[in-house]
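What follows is the residue order along each chain.
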Amino acid sequence: MSQPTEPEILLTNDDGIETPGIRVLYDALSDVGNVTVVAPSDDQSAVGRSLSGEVGVTDHDLGYAVAGTPADCVVAGLAELGPFPDLVVAGCNKGANLGEYVLGRSGTISAAVEAAFFDVPAIATSMYVPVGDLAFEDVETGRSDYREAARATTYLVEHALEAGVFEEAAYLNVNAPVPEEAAGDPAPMEITRPSRRYEMDAVREGERVVLHDRVWEEMEAESIPDPAGTDRRAVVEGRVSVSPLTAPHSTRHHDALDDLAERYPGTSLSS
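Reference entry: report on the structure contained in this document.

Criteria and cut-off values
- Residues numbered from 1 in each chain as written.
- Predicted model: local features only at pLDDT ≥ 70, side-chain atom pairs only at ≥ 80, totals over all residues.
- Heavy atoms only, no water.
- Helix = DSSP H or I, 4+ residues; strand = E, 2+ residues; numbered from the N terminus.
- Buried < 20%, exposed > 50% of the residue type's maximum accessible area, 1.4 Å probe, protein only.
- Contact = heavy atoms within 4.5 Å.
- Phe/Tyr/Trp six-rings, centres within 6.5 Å; stacked < 30°, edge-to-face > 60°.
- Lys NZ or Arg CZ within 6 Å of the ring centre and 35° of its normal.
- Pairing = 2+ DSSP bridges.
- Salt bridge = Lys/Arg side-chain N within 4 Å of Asp/Glu carboxyl O.
- Core = buried A, V, L, I, M, F, W, Y, C linked by side-chain atoms within 4.5 Å.

## So, the side chain of Glu 190
Then, in step 1: Within the fold, Glu 190 resides in strand β8 (residues 189–191).
Then, in step 2: Residue classification places Glu 190 among the buried residues on the basis of a relative accessible area of 18%.
Then, in step 3: With near-sequence residues (within four places) excluded, Glu 190 lies in contact with Gly 229, Ala 234, Arg 239, Val 240, Ser 241 and Val 242.

This is how it looks when you write it as structure tokens:
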């Protein structure tokens, strides 16, 4: 009986090719597949699925550094730079990507969505970073902090394709907690749905408007208001959250909208 071939993996991120998260995933995934990195040359966080008409590309010891967005990297990687992959992996992002409202903003998740339009399965991986009293940008992370995320992602890369996971899901949104101990046991994994909480507000300060995302102010395990089964609750309570998601976006039949279209003047004239 022939042995299965190693999967071809396209690895990207939105934090930039020089960050520890992508290096840790590259090392871990190289043990189970052939990894080609096509990642932004600098930080492209929260750019969504922004695309550029033309991007510069330079060789890098991991693969290719692209002067563009995560979506640029996926298109360039799939269409030109690398072997056509069995799977796209995006991450590991410093900071969690949790909740429905984040899905369209995140460059990490947008890379997975871009892959879905190519009909390539994808995994977007992020690490929840508790900030405490610090500003997020002041929190430093090292390679060991990404161990849980790398372990969960590698497990899914090894097993999700053959298990038929991507016959139902276009991509998986994975969020892992920071390991509690240097050599602790793996955190449990939970299949979740994105939280629906949304608490953005804005305050005018002179000639500026300051936008504030208040969701992140309630991330204590003892008091988090998100219900059981959501990605935010799972991660805050120390579990790896895996949300199976779809793209392109689906639509439902609406009788009310059909009625409006039938009553539109142009429609009635052509009847």
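## With respect to the packing of aromatic side chains
Then, in step 1: The tally for this structure, following the rule as stated, stands at one aromatic pair.
Then, in step 2: Across from the ring centre of Trp 216, 5.8 Å away, lies the NZ or CZ of Arg 232, which sits over that ring.

## Some points on the pairing of strand β10 (residues 208–213)
Then, in step 1: Counting buried residues in β10 gives zero out of six residues, a small share hidden from the surface.
Then, in step 2: Of the strand pairs in this sheet, strand β9 (residues 200–205) and β10 are connected by six bridges, and their pairing is antiparallel. What sits directly across from Glu 205, in β10, is Arg 208.
Then, in step 3: Adjacent in sequence and paired antiparallel, β9 and β10 are bridged by two residues, among which Gly 206 carries a positive phi angle near 65 degrees.

## Thoughts on the pattern of salt bridges
Then, in step 1: For the coordinates displayed, the defined rule picks out 16 salt bridges.
Then, in step 2: Here Arg 239 ties to Glu 190 by a salt bridge, and the two come within 2.6 Å at their closest N and O atoms. One end of the pair, Arg 239, is in the loop between α5 (231–236) and β11 (240–245); the other, Glu 190, is in strand β8, and 49 residues separate them in sequence.
Then, in step 3: Among the salt bridges present, the one from Arg 239 reaches Glu 237, with a minimum N-O distance of 2.8 Å.
Then, in step 4: In this structure Glu 237 comes out as partly exposed when scored by relative accessible area, which is 33%.

## What about the nonpolar core?
Then, in step 1: Counting 35 residues, the largest nonpolar core has Leu 11, Leu 29, Val 37, Val 89, Ile 123, Val 157 and Leu 172 as its most contacted members.
Then, in step 2: Listed by contribution, the elements that provide at least two residues to this core are β1 (8–12), α1 (20–29), β2 (34–40), β5 (87–94), β6 (122–127), α4 (147–163), β7 (171–176) and β11.
Then, in step 3: Ranked by residue count, the leading element in this core is α4, at six residues.
Then, in step 4: Apart from the residues within four sequence positions on either side, Leu 29 is in contact with Ile 9, Leu 11, Val 35, Val 89, Thr 153, Thr 154 and Val 157.

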